[in-house]
Amino acid sequence: MTPPSTLPAQGPSLPSPLDLGGRTALVTGAAGGIGRACALRLAAAGAKVRAVDRDAAGLEELAEHTRGLAGAVEPHVLDLTDLDAAELAAAGTDILVNNAGLQLVRPIEEYPPDVFHTVLTVMLEAPFRLIRGALPHMYGQGWGRIVNVSSVHGLRASAFKSAYVAAKHGLEGLSKTAALEGAPHGVTSNCVSPAYVRTPLVEKQLADQAKAHGIPEERVLSEVMLQDSAVKRLIEPEEVAEAVAYLCSPHASFVSGTSLVLDGGWTAH
């Protein structure tokens, strides 16, 4: 054992700012909410961001906000139910952020089968096709980052969200498989799994949640959304984007096949 007096006095080096200059990132659902925050964060780090969404106006507004950042945003209008187009859009990307999602709150016996199919298509099959399209380039250069924006509902279930919970649980499994296959090629794959985030998707749930649970809309936030969270607030999209950025950093090169959980203590129960 080395005597204590001869041990190096210096501590670990401080992390340097995230530099993604020269990298191309693709972010789905980029016109608003978490996706918008991720696109801005990665562009601020110098990445060229392909911002994918079906909301053309939202993408244009996003692009306006990237002026003066180190990187840039390229709006790419795309409906992810077009799976062939989704796979083609991912070609040549170094960083893939699968974020796009949708939600409908209904009991299983009232859940429209066509909506269930659409949710699984956008939130599970499209990520598979995007990963499939991105991997050849990532493997070829020996570096890649796949970040799947999952949810606490990828780890826990809630009533009345059968499609969303099924899709997020599937995304967690897909992410782990990609991590195992990508490791020999320098590609990491992880999930970021937040609880309720202050986004339009969550705001639109209030009326549906109130009806499903039989309570007034103003009670949904405290009695449903934040009931299992020890931290009694919504997460901000920028907090999720910072977790995504960390997983793209050099200091996260050994982090793969896991979920970075931002749930305010929900899963600590």
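Residues numbered from 1 in each chain as written. Predicted model: local features only at pLDDT ≥ 70, side-chain atom pairs only at ≥ 80, totals over all residues. Heavy atoms only, no water.

### Describing the sheet that holds strand S6 (residues 187-194)
- Read from one edge to the other, the open sheet built from seven strands follows the order S3-S2-S1-S4-S5-S6-S7, with strand pairing classed as parallel. The open sheet has two edge strands with one neighbour each: strand S3 (72-77) and strand S7 (259-262). Taking each pair of neighbouring strands and ignoring which way they run, the sheet shows an average axis angle of 15°.
- Sheet strands in contact with helix H1 (residues 33-44) are strand S1 (24-28), strand S2 (48-53), S3, strand S4 (95-98) and strand S5 (144-149), and its direction is about 170° off that of S1.
- Running over the sheet, helix H9 (residues 237-247) touches S4, S5, S6 and S7 and is turned about 165° from S6. (Pairing = 2+ DSSP bridges. Helix = DSSP H or I, 4+ residues; strand = E, 2+ residues; numbered from the N terminus. Axes fitted to C-alpha atoms, helices over the stretch in contact; angles between N-to-C directions. Contact = heavy atoms within 4.5 Å.)

### Thoughts on helix H5 (residues 162-182)
- With 21 residues, H5 should reach 30 Å at 1.5 Å per residue; the first-to-last C-alpha distance of 30 Å fits that figure.
- Every buried residue of H5 is listed here: Ala163, Tyr164, Val165, Ala167, Lys168, Leu171, Glu172, Leu174, Ser175, Ala178, Ala179 and Gly182.
- Along its buried surface, H5 packs onto helix H4 (113-141), S5, S6 and S7. (Expected span 1.5 Å × (residues − 1). Buried < 20%, exposed > 50% of the residue type's maximum accessible area, 1.4 Å probe, protein only.)

### A closer look at H9
- Buried within H9 are the following residues: Pro237, Val240, Ala241, Ala243, Val244, Ala245 and Leu247.
- Those residues of H9 hidden inside the fold are in contact with H1, S4, S5, S6 and S7.

### Brief notes about the pattern of salt bridges
- Across all of its chains, the model carries eight salt bridges by this definition.
- With a closest N to O distance of 2.5 Å, Glu87 and Arg129 form a salt bridge. Here Arg129 lies in helix H4 and Glu87 lies in helix H3 (residues 83-89), a separation of 42 residues in the sequence. You'll find Glu87 and Arg129 in the same group, each marked buried.
- Glu239 serves as the salt-bridge partner of Arg233, at 2.9 Å between the closest nitrogen and oxygen. (Salt bridge = Lys/Arg side-chain N within 4 Å of Asp/Glu carboxyl O.)

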